[in-house]
Amino acid sequence: MHGRGLNIILGVYVALIFTFVFAPIFFSLVFSFNSQRFPTIPLGEFSTEWYAKILSDPDIWQAVRNSVIVSTTTAILATTLGFCTAYTDFRYNFRFKGPYLALILLPPTIPLIIMALAMLAWLSRLGLSGQLWSIIMAHSVLTAPFAMAIIRLRLHQMDPDLEAAAWNLGGTEWQAMRHVIVPFCMPAIISSLCLTAAVSFDEFAVAWFVSGLNKTVPIVILEIVQGNIDPQVNAIGTFVFLTSISLVVAAQVIFISRQIKSHS
Amino acid sequence: MSTKHKIDLYALTWRLPIILWQLIFFVGPVVFMIAISFFVVKNYRMTEAFEFVNWQRMLTRGYFWDSYWYTLFIASLSAAIAMMLAFPAAWALAFRASENLRRGAVFLLIIPFFTSYLVRTFSWYVILAESGVLNAMLGYVGLGPFKMLNTHFGTVVGYLTLTLPLAVILQTVTMANIDKTLVEAARNLGCKPLATIWRVVLPLSKTGFVVTALFCFILAFGDFVAPFYLGGSQEPTLPILILDTTKSGQQWPRAAVVAIMMMLTLFAVAFTAIMLAYRKPKVAR
C-alpha cells in the first residue's frame, strides 16, 4: 500500500485513540492542581488547595485505611483462590472440570450492578453485610479469575516433568509444591497480588451496596460526585490513579520481565 | 491404599476450598437473587413467599420496557461504535507496527482497564460540560458551545471510555494472529487493499471480532455510571433502574426481577454471538 502517507494518517489516528483513552486521566491530574472551582481552559492558577483539603479530611483518611485493608486482604485471598484453581487445572483432569472452572471464571461476565444486588441480598440474609469483610468476600470472588488467568499462564510455561522429577528424587507432593511449583510461579503470584489489589481498590458498585457505613475511597468519590462539582475529586482521583497505575505497571513489568528471562 | 488416600488428600486441598468458597459467595448470591424475585415486601420488610407479584408488577409497566429497549439500543450502538473506531487503530497496530511497538501499545491500553472508571467518568464530566474544556477549545475555532452532557452522546462517550481500550486490544491481538502470508497472497493476486480487508482479514478474524463486540456490549449494558453521570439518566437504563429500586424504597425483589431480565438478555445475546462466531464461514467465490 502507499507506504508513507498511509502510515502517517494511521499514526495520527492511533494517537487520537490514545488521546481519547488517556484524556480523562490527564485532565484529572491537571485539574487537581488548578485553582478554579469549575475547571476549564484557560487554566486558573497553580494551587494545591484541593490536596490540602483532602489531606485534612479525617473521613478520607478513614476511607484510605479501609481501602488499604480491603484491597490487600482481597489480593491475598483472590490470589490464593486463583493459585489453587490454576494448579488444579494444570495438574488434574477430572469429570466435572468444565463446571469447576466455570465456577471460578464466570463472575466477571455478570454485570457488577447485578452482583452488587445479589451480594447485598445474600450477605444480609447471612448477617454478613455492612462490614469491611463483606466487601472483601465479594471482591475475592470478582477478582479471583484474574489471578487464576495470570498464574495459569505462568504454569503453562512450566514443563510438567519438573514436578514429576521432584517426586522421583524422593520429594513428597507437598515438597514439590513448595520447592518447585511455588518458586516457579512467584512472578505470576506477585503480579496477581498487584492486579487484584488494583481491581479491588477501584471497585465501587459492589462495595457501595454491601459496605453499609464503611466507606472505601471509591465510595467517597461516588458520594462527592453525587453532590456537586467538587475539584477535590480530582485530587483524590490523582491519588487513586497513581496507586492503581503503579500496581498495574508493577504487575506487568514483573510478569513480562520474567517472561523474557525464561525465554532467553 | 494409603498412598492413594494421601494423593486424594493433596488433590482435595487444592480443589475443595475453592468449590466451597465459590458456592457460598458466588452461586449462593445469584441463586438467592432469583429466589427473592418471588418474595414480597410488606411494611418495608422482605418476607419469604412464592408469588409472581413482582414479575407481574415490573413486566406490565411501560417504564420497564422503555428502559429495556433503550438500554439494549444504546449498548449495541456503543459496542458498534467502539468496534468501528477501534478497527483502523488495531489494523495499524497489527499490520503496520513493529512487534515492540504493538506490545508497547497493548501494554499501555491495559492500564486504563485497571484504573478508576469512576474518576475517569468524572473527568469527562468536566471536559464535556457546557463551559468545559472541549467547548472552550471549540470556542477558539468559532464553534459551539455544544450541549454534550446529559445527552446520548455523553452516555456513549462514557461507555467508550470503558470499551474502546478493550476493543483495540482484542482486535489487535486477533489480527496480529492472522497468517500474514494469506494477506500477502491476496495482494499478490491483485486484490485491492480495501477488498483484502473485507474479503481476507475480516473473515479470518470473525471469531475474535464477535467476541470483542460481545465484551463491549456486556460492559456497556451493565454500566450505570456513564448513563447516570454523563447521560443525566433522563432515560434510565436497566442498571439505573436496579440502583433506584434497591437504594430507595428497599424494593429488592423488584430490582431482582430487573437483574434477572438483564441476565437472561445477556445469555441470549452471548449465545447468539457465540453461535455466529463459530459458524462455518461460507466459501467466498
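Structure: see above.
The structure displayed is predicted, hence computed values, not measured ones.

Undergrad: Requested: an account of the overall build of chain A, with residues and values cited.
TA: Counting its regular elements, chain A contains 11 helices and zero strands. Listing every helix and strand of chain A by position from the N terminus yields α-α-α-α-α-α-α-α-α-α-α. Oriented by its inertia axes, the alpha-carbon framework of chain A measures out at about 70 × 65 × 30 Å. Counting over 264 residues, chain A shows a buried share of 52%. As displayed, chain A offers around 11,700 Å² of accessible surface, 69% of which is attributable to carbon and sulfur atoms. Side-chain charges of chain A comprise 14 positive and 13 negative groups, with the mean position of each set lying 7 Å from the other.

Undergrad: For the overall build of chain B, give the residues involved together with the corresponding values.
TA: Within chain B, the regular secondary structure consists of 13 helices and two strands. Over its C-alpha trace chain B gives a radius of gyration of 24 Å, far above what one expects of a compact globule, namely 19 Å for 285 residues. Taking the principal axes of its C-alpha atoms as reference, chain B extends roughly 80 × 70 × 40 Å. Within chain B, buried positions represent 51% of all 285 residues. A total of about 14,200 Å² of accessible surface is found on chain B, and carbon and sulfur atoms cover 69% of it. Both charge centroids of chain B, one from 23 positive and one from 11 negative side chains, sit 9 Å from each other.

Undergrad: Please set out the interface of chain A and chain B residue by residue, giving values where relevant.
TA: Contact with chain A, which involves 89 residues of that partner, is made by 82 residues of chain B. Counting each side, the surface lost to burial between chain A and chain B is near 7,900 Å², with a carbon and sulfur contribution of 82%. At the surface where chain A touches chain B, the tally comes to one salt bridge. For the salt bridge of A:Arg125 with B:Glu48, the shortest nitrogen-to-oxygen distance reads 3.1 Å.

Undergrad: Residue-level account of helix H9 (residues 193-204) of chain B, with values.
TA: Residues and elements named next belong to chain B. The end-to-end C-alpha distance of H9 is 15 Å, a good match for the 16 Å that 12 residues give at a rise of 1.5 Å each. Within the sequence span of H9, burial applies to Thr196, Ile197, Val200 and Val201. Buried residues in H9, looked at end-on, bunch into an arc of 125°, giving them a common side. Opposite its buried face, H9 presents the exposed residues Leu194 and Trp198, each directed more than 90 degrees away.

Undergrad: Run through the nonpolar core, naming residues and quoting values.
TA: Counting 186 residues, the largest nonpolar core has A:Ile114, A:Ile221, B:Met33, B:Met175, B:Phe224 and B:Ile242 as the members making the most contacts within it. With 18 residues, the single largest contributor to this core is helix H3 (residues 62-96) of chain B. When sequence neighbours within four positions are dropped, the list of residues in contact with B:Phe224 reads A:Ile113, A:Phe204, A:Ala205, A:Trp208, B:Pro239, B:Ile240 and B:Leu243.

Undergrad: Provide a residue-level description of the environment of B:Phe113, including the pertinent values.
TA: Summarising the element assignment, B:Phe113 is placed in helix H4 (residues 99-113). In contact with B:Phe113, not counting residues within four places along its chain, are B:Leu166 and B:Leu219.

Undergrad: A description of unusual backbone geometry should follow, citing residues and the corresponding values.
TA: Residues and elements named next belong to chain B. For asparagine 150, which is not glycine, the phi dihedral falls at a positive 55°. With respect to the helices, strands and loops of the structure, asparagine 150 is situated in the loop between helix H6 (133-140) and helix H7 (152-176). Assessed through its relative accessible area of 30%, asparagine 150 is described here as partly exposed.

Undergrad: Describe the packing of helix H10 (residues 206-221) of chain B against helix H13 (residues 252-278) of chain B, and please don't skip the residues or the numbers.
TA: What describes two packed helices is the angle between their axes and the distance between those same axes. All names here are of chain B. Running from N to C, H10 and H13 point in directions that differ by 170°, and their axes come no closer than 8 Å. As far as their axial angle goes, H13 and H10 are roughly antiparallel. Facing Lys206, Thr207, Val210, Leu214, Phe217, Ile218 and Phe221 of H10, the residues of H13 in contact are Met262, Thr265, Leu266, Val269, Ala270, Ala273, Leu276, Ala277 and Tyr278. Residue composition of the contact of H10 with H13, by class: 13 nonpolar, two polar and one charged.

Rules used throughout
Residues numbered from 1 in each chain as written. Chains lettered and ligands numbered in written order. Predicted model: local features only at pLDDT ≥ 70, side-chain atom pairs only at ≥ 80, totals over all residues. Heavy atoms only, no water. Helix = DSSP H or I, 4+ residues; strand = E, 2+ residues; numbered from the N terminus. Buried < 20%, exposed > 50% of the residue type's maximum accessible area, 1.4 Å probe, protein only. Areas by Shrake-Rupley, 256 points an atom, 1.4 Å probe, with all protein chains shown as cover. Lys, Arg positive; Asp, Glu negative; His and termini not counted. Charge placed at Lys NZ, Arg CZ, Asp CG, Glu CD. Rg over C-alpha atoms; globule rule 2.2 N^0.38 Å. Contact = heavy atoms within 4.5 Å. Buried area = accessible area lost by both parts, 1.4 Å probe. Salt bridge = Lys/Arg side-chain N within 4 Å of Asp/Glu carboxyl O. Expected span 1.5 Å × (residues − 1). Arc of directions from axis to C-beta. Core = buried A, V, L, I, M, F, W, Y, C linked by side-chain atoms within 4.5 Å. Axes fitted to C-alpha atoms, helices over the stretch in contact; angles between N-to-C directions. Parallel < 35°, antiparallel > 145°, perpendicular 65-115°, else oblique. Nonpolar A, V, L, I, M, F, W, Y, C, P; charged D, E, K, R; others polar.

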